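Now for the letters of each chain:
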Amino acid sequence: MPRSDDALNLLPGTLDLLILRTLTRGCMHGYGIAEHLRSVSENVLQVGESSLYPALQRLLLNGWIKGEWGASENNRRARYYTLTAGGRKRLRAEHEEFDRMVAAIQRVLQTA
Amino acid sequence: MRKLLRRLYYWIRQHQSSQDLAEEMEFHRILKQRDLEQSGLSPDDAAFTSRRAMGNTLLAMENARLVWISLWFEQAIQDLSYAARSLSRTPGFALAVGLTIALGVGANTAVFSLVDAVLIQLLPVEDPRELVFLEPTANSGPTSAPPYPCLAQIPSETGSFAGLAAFATDELRIEIDSKPEQVMGQIASGNYFELLGVKPASGRLMNAEDENLNPPIAVISDRYWQRRFGRDPAAIGKTISFGDRSFAIAGVTPPEFGGLEPGRPVDVTIPITISRNQLTSSKAWWFDAIARLRTDVSENQAQAEANAVFQSCMSGFRGTAGPKSDISHQLELRPAAHGMDALRRRFSNPLYVLMGIVGLVLLMATANIANLLLARGIARRREFAIRMATGAGRVRLVRQLLTETLLLFAFGAVPGVLFAGWGVGVIEALFAQGRRPITLDANFNWRILAFSIAVTLVAGLVSGLFPAWRAFRTDPEQALKEGHARTSESRGSATLMRTLVTFQVALSFVLLVGAVTFVRTLANLYNVDPGFQNEEVLTMSIELPQGYVETGKSLESWGRVLEAVRGIPEVRVAGLSTFTPLSGRDPGGTPVRVRGYEPAGGGDFSVRVNQVSEGYFETLGTQLIRGRLLTDHDSAGSLKVALINESAAKYFVKRDPIGQFLEFDKRGTEDSVYQVVGVVANTKHRNLREPSPPFVFVPTRQPINAERRVTLVVASTMPKGHITLVEPIRRRLASADSRLFISDVIDIRDQLDSTLLAERLLSGLSSAFGVLALFLAAIGLYGVLSYRIRQQRRSIGIRMALGASPSSVAFSVLRQGGSVIGVGLLCGLPFAFLAARTADSMLWGVKSNDPMIYVLGMALLCLIGFASAYLQARRASGIEPGETLRHN
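Residues numbered from 1 in each chain as written. Chains lettered and ligands numbered in written order. Predicted model: local features only at pLDDT ≥ 70, side-chain atom pairs only at ≥ 80, totals over all residues.

### So, the overall build of chain A
Stated formally: A helix here means a DSSP run of H or I that spans at least four residues, while a strand means a run of E at least two residues long, and both kinds are numbered starting from the N terminus. Exposure in this text rests on C-beta crowding, where 20 or more other C-beta atoms within 10 Å of a residue's own make it buried, 12 or fewer make it exposed, and counts in between make it partly exposed. The C-beta atoms are placed from the backbone. Our contact criterion uses C-beta atoms placed from the backbone: two residues qualify when those atoms are within 7 Å.
Broken down by element type, chain A carries 4 helices and 3 strands. Of the regular secondary structure in chain A, the N- to C-terminal order runs α-β-α-α-β-β-α. Sorting the 112 residues of chain A into buried and exposed places 33% on the buried side. Long-range contacts, defined as pairs at least 24 residues apart, comprise 53% of the intrachain contacts of chain A with a sequence gap of at least 6.

Right, here's the structure in full:
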């Protein structure tokens, strides 16, 4: 299985969640997703390609996102990803799970 | 599921997919490079930095790929294609192994199909496990169900039964469109189909209200619909005539349903009310009863309740009932999930034995293949060593080998299962022979498929295990250093191979002993005197048209039939009888009294009555022991006479039976008193093993009951001429009375053969498999010796150079072969004895403790075994010492 980046290996599946969330903005290619994550997180989340592309493949396999080839801004062929209905459902579920997890960790950190 | 389809789609276009990914990642890099350039880096630096930032793209791509295709799957595909390539390089080996597997798997699948059809299949009805048969059990064993009035009380007076139906099957002569034909008929109570939960395939089935319908309806089976009407929907509504009644066909039962007696599918079902008078009679014991238990009731409780009703109503009947009520004691429930058990009773033991035999054959085949694979593994040691040296893991290597074995097995199993289908067809045809053909429903189903897959997998894994284990222990360095198989490892393999061959010898010995006992059993049974010397007798059933018996025309008709047949020049002698020896028909016992003699124990003198004409015994060649045979003077007007067989003569102990009077209990009239005029030899009745029961023969012209249907027996003047008599007889009878119905034309020899079906099956299959096993063992021995000689070539050469004679070399090879055979025989002996012991009840004229069968088995094995060792010994003695020492 692919290895997660150091920044993201704290909670497994977090990268999937972030990609799904990013795609709610509309269709994007891989580089766009990486750039978006980097800029929104103010350079904290530097997603390497070696984990981004396996993650995208995993999401494709599960049918949560859909990839379509199209022309890019510099006239090269690029694969644009969009969220599917299943992906939206998955995002909601994962988001809730993540919140629950973070809240739990917070509680542990504050009480211990 | 959709995920699997996506995986599959990816896998099919995986080349395209990885190109897409590469392009996508390159695009990513270009964008990064552009951004870097915009932030002020020189183009070269930007390209370099972007490449560095991308990291190991190859690994990323591989990881992305592995999301789709698991490593396990990929390696399995690799193993398979490698296995296919390596097998196609040695087609002879693949073919030999494939054939062996085809045989082992095929034989097992075929026999299992029979076991499934006869022993496993449940009745194709609703919840068959809730069904029970109601059987009164008398001293003499189970009889039919109790009379209907008694039966009818059981469901209403107990709380255990959800319903109860009565039925009886028999061959019926019916007419459709005025054309007579014979069908397997069933008379059933109106609720029969509802009780079983059988739904119509077409039209409707009868229900309880239909019992009183006029005209009544009939239900036909799917098989009969196909056979008689070619599935024509217009068949529904057609009229079937039976006796003086007509029935309108109302519907068709589903294809899988053929009544309650496996092997004897019913064609036509008509309501039981056609003989309403029988239903109200307390003497009618001729039908069977089936009931459905309530789900919350235990079988014991239901039996106790039903038996209580039975006892009270039978005591009410006692005054009027026939003698059977005196000998019946208990009403018992028997599970009906599998249907009536005649077929199972007859064939369960032979089938278990066959299953054992084919199981041994499979073991044998597995050992043989393990040996071949071992030899192949030795030859491929260098290949394994190289693969290991270049980094293949041991586990991976073993997996590769097991994949190869399983592929081989799959390759052999498919033709094996096809071969099984053919074999089952042959056996089905064998069952369908004779006067009472058995229709097996041995269709391929999921149980059989699961069985053959399981057999293939287990045998494949077992035989693949030995060579895989050897490969696991391959030491690459050693294997590469040693050019030829001469290491301790190959010696280990050689020991394993020898052990396997010894095992094969033991197995084939067991199979041979089995074959010898069954072949001898069959031969002994064929030597049993059936009581008739003439085996060239043609028999056929002749039935009078409706009304002849009722109007008293039957005697005259039978006379005309005999006259017509005897008028044919080629006919030497002919006679009539109710039934013939070994016909499978049994009239059951009839009570008879000897005038002036009170039996001491009060026991019944129960005899079987056969009404025969003059010429019957002469045709069959049954010997007259005392007195005289029947003549045409024994006719309606003269003194009533009877013949008895030797079993019946024993009843008279010291008195001379000739001249005694026999009284048949027929309402006490003088009408049924017969004087014994002769004693004839016993003829076998049910089968060749059982002694003949007591018989009384009365003349067809002086019948106790007028015959509507008789069996004609004819012998020809020419040797083997009886077969050619069929057409002349048909023509003569048609001109004598065109309304006579002829059926069941059969050679009496075939009739005898069909009673030996199980024995013929066992002896044929066991000897075929025994011979096969013998040859497999011989081939195994040949292979092992050949391998040993190759190994010892050098030492043999040295010995010969030092003066050993070729014959002493040959002798040492023979000794090696002999030790394998000897140890194998010793190991096999106790198992052979055990196997023969368990089959003892099926044997005839030969016992498991008969040393001859073992001696014969040993002799056969030694003969073939030493023949194969001799071939190798000759090869060894021909070794040129000089040559072996020069070459190495």
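### Quick look at the overall build of chain B
This is how it is decided: Each radius of gyration reported is based on C-alpha atoms, and the globular scaling rule is 2.2 Å times the count of residues to the power 0.38.
Scanning chain B from terminus to terminus reveals 27 helices and 22 strands. A compact globule built from 888 residues would reach a C-alpha radius of gyration of about 29 Å, whereas chain B, at 38 Å, exceeds it by more than 25%. Counting only C-alpha atoms and orienting by the principal axes, one finds that chain B spans roughly 130 × 90 × 55 Å. Residue burial in chain B is summarised as follows: out of 888 residues, 40% are buried.

### Brief notes about the interface of chain B and chain A
Short version of the rule: Under the grouping applied here, Gly and all other residues not named as nonpolar or charged are polar, the nonpolar ones being Ala, Val, Leu, Ile, Met, Phe, Trp, Tyr, Cys and Pro and the charged ones Asp, Glu, Lys and Arg.
Between chain B and chain A, the contact holds 21 residues from the first and 17 residues from the second. Of all the secondary structure elements, the ones that give two or more residues to the side of chain B that touches chain A are α1 (2-12), α2 (14-38) and α4 (57-68) of chain B. Among the elements that line the side of chain B that touches chain A, the one with the most residues is α2(B), at 8 residues. The residue makeup of the side of chain B that touches chain A, split by class, is 10 nonpolar, 4 polar and 7 charged.

### A few points about unusual backbone geometry
Only a minority of non-glycine residues have a phi that is not negative, and only a minority of peptide bonds are not trans. All names here are of chain B. The phi dihedral of arginine 231 falls on the positive side, at around 60 degrees, and the residue is not glycine. Following the sequence through the fold, arginine 231 ends up in the loop between α9 (222-229) and β7 (239-242). Non-glycine residue leucine 582 carries a positive phi angle of around 60 degrees. By the secondary structure assignment, leucine 582 is in the loop between β13 (571-577) and β14 (590-594).

### Some remarks on the sheet that holds strand β3 (residues 77-83) of chain A
Formally: Here, a strand pair is defined by DSSP locating no fewer than two bridges between the strands.
Overall, antiparallel pairing links the 3 strands, which are arranged β1-β3-β2 (chain A) in an open sheet. Of all strands in the sheet, those bounded by a partner on one side alone are β1 (28-29) and β2 (65-71) of chain A.

### So, the environment of B:Ser763
All names here are of chain B. Mapped onto the elements, serine 763 comes out in helix α24 (residues 757-801). With 22 C-beta atoms packed within 10 Å, serine 763 lands in the buried category. Spatially, the C-alpha atoms of serine 763 and tyrosine 597 are 48 Å apart, while their sequence positions differ by 166 residues. Excluding anything up to four places from it in sequence, serine 763 contacts Phe518, Val519, Thr521 and Leu522.

### Points about the nonpolar core
All names here are of chain B. As a reminder of what qualifies: Note on terminology: a nonpolar core is any set of buried Ala, Val, Leu, Ile, Met, Phe, Trp, Tyr and Cys residues joined through C-beta atoms within 7 Å.
Val361 and Val513 are the most contacted members of the largest nonpolar core, which has 97 residues in total. At the level of secondary structure, the elements contributing two or more residues to this core comprise α6 (91-120), α13 (342-379), α15 (394-431), α16 (446-472), α18 (488-527), α24, α25 (806-838) and α26 (851-877). No other element matches the 19 residues that α13 contributes to this core.

### Some thoughts on the confidence of the model for chain B
Residue and element names in this part refer to chain B. We count it as follows: Confidence scores per residue from the predictor, reported as pLDDT, run from 0 to 100.
The pLDDT averaged across chain B works out to 86; a share of 93% of its residues lies at or above 70. Contacts of residues 319-327 to residues separated by more than four positions or lying in other chains number 14 contacts, the stretch itself having pLDDT below 50. Under the prediction, the complex receives an ipTM of 0.80, its pTM being 0.80.

### Section: the packing of α6(B) against α16(B)
Residue and element names in this part refer to chain B. Going by this rule: Axes here refer to lines fitted to C-alpha atoms; in helices the fit is confined to the stretch in contact. Angles between the N-to-C directions go from 0 to 180 degrees. In a left-handed crossing the near helix is turned counterclockwise from the far helix by less than a right angle, and in a right-handed crossing that turn is clockwise.
Direction vectors running N to C along α6 and α16 enclose 145 degrees, while the axes themselves pass 10 Å from each other. By crossing handedness, the relation of α6 to α16 is classed as right-handed. Two secondary-structure elements touch here, α6 through Gly104, Val105, Asn108, Thr109, Phe112, Ser113, Asp116 and Ile120 and α16 through Arg447, Ile448, Phe451, Ser452, Val455, Thr456 and Ala459.

### Focus: the pairing of strand β9 (residues 268-271) of chain B
All names here are of chain B. What you see with β9 is no split at all: Val268 and Ile270 on one side and Thr269 and Pro271 on the other are buried throughout. Note: strand β4 (residues 179-188) against β9, 4 bridges, orientation parallel. The residue bridging glycine 185 from the neighbouring strand is valine 268, located in β9. Of the strand pairs in this sheet, strand β6 (residues 217-220) and β9 are connected by 2 bridges, and their pairing is antiparallel. Looking across to β9, one finds that isoleucine 220 is bridged to valine 268.

### As for helix α1 (residues 14-23) of chain A
Given 3.6 residues per helical turn, the α-helix brings residues three or four places apart onto the same face. Looking at α1(A), one finds that the buried residues are A:Leu15, A:Asp16, A:Leu18, A:Ile19, A:Leu20 and A:Leu23. For α1(A), the elements touching its buried residues are β1, α2 (30-40), α3 (49-62), β2, β3 and α4 (85-111) of chain A.

### Concerning the environment of B:Glu332
All names here are of chain B. As for its placement among the helices and strands, glutamate 332 is situated in strand β11 (residues 328-335). The class of glutamate 332 is partly exposed, set by 16 C-beta atoms lying within 10 Å. Here the alpha-carbon distance between glutamate 332 and asparagine 307, two residues 25 residues apart in the chain, equals 7.2 Å. The residues touching glutamate 332, leaving out its near neighbours within four places in the chain, are Glu135, Thr137 and Gln303.

### Considering the domain arrangement of chain B
Operational definition: Throughout the structure description, domain borders are defined by an automatic or database domain assignment.
Examined at the domain level, chain B breaks down into domain 1 (2-69), domain 2 (128-337), domain 3 (345-526 + 757-886) and domain 4 (545-739). Spacing between the C-alpha centres of domain 2 of chain B and domain 3 of chain B amounts to 52 Å.

### With respect to the pairing of β13(B)
All names here are of chain B. Counting buried residues in β13 gives 7 out of 7 residues, a clear majority hidden from the surface. Examined bridge by bridge, β13 and strand β21 (residues 709-716) share 6 bridges and lie antiparallel to one another. Bridge pairing in β21 links glycine 575 to valine 713.

### Section: the packing of α24(B) against α26(B)
Two numbers describe a pair of packed helices, the interaxial angle and the distance between the axes. Residue and element names in this part refer to chain B. Quick reminder of the rule: When an angle is under 35 degrees it counts as roughly parallel; over 145 it counts as roughly antiparallel; between 65 and 115 it counts as roughly perpendicular; any other value is oblique.
At a minimum axis separation of 9 Å, α24 and α26 run at an interaxial angle of 25 degrees. In this view, α24 runs roughly parallel relative to α26, as classed from their interaxial angle. Every pair of crossing elements has a handedness; the one defined by α24 and α26 is right-handed. Within the contact between the two elements, α24 uses Leu774, Ala778, Leu781, Tyr782, Leu785, Ser786, Ile789 and Ile796 and α26 uses Leu860, Leu861, Ile864, Gly865, Ser868, Ala869, Leu871, Gln872, Arg875 and Ala876. The residue inventory of the contact of α24 with α26, partitioned by class, reads 13 nonpolar, 4 polar and 1 charged.

### Quick look at the confidence of the model for chain A
Residues and elements named next belong to chain A. Residue-level pLDDT values for chain A average 82, and 88% of them are 70 or greater. The spread of mean pLDDT over the elements of chain A runs between α3, the lowest at 83, and α4, the highest at 90. Contacts of residues 1-8 to residues separated by more than four positions or lying in other chains number 15 contacts, the stretch itself having pLDDT below 50.

### Some points on the environment of B:Leu725
For B:Leu725, the position within the fold is in the loop between β21 and α22 (726-736). In this structure, the C-alpha to C-alpha distance between B:Leu725 and B:Glu570, residues 155 residues apart in sequence, is 7.5 Å.

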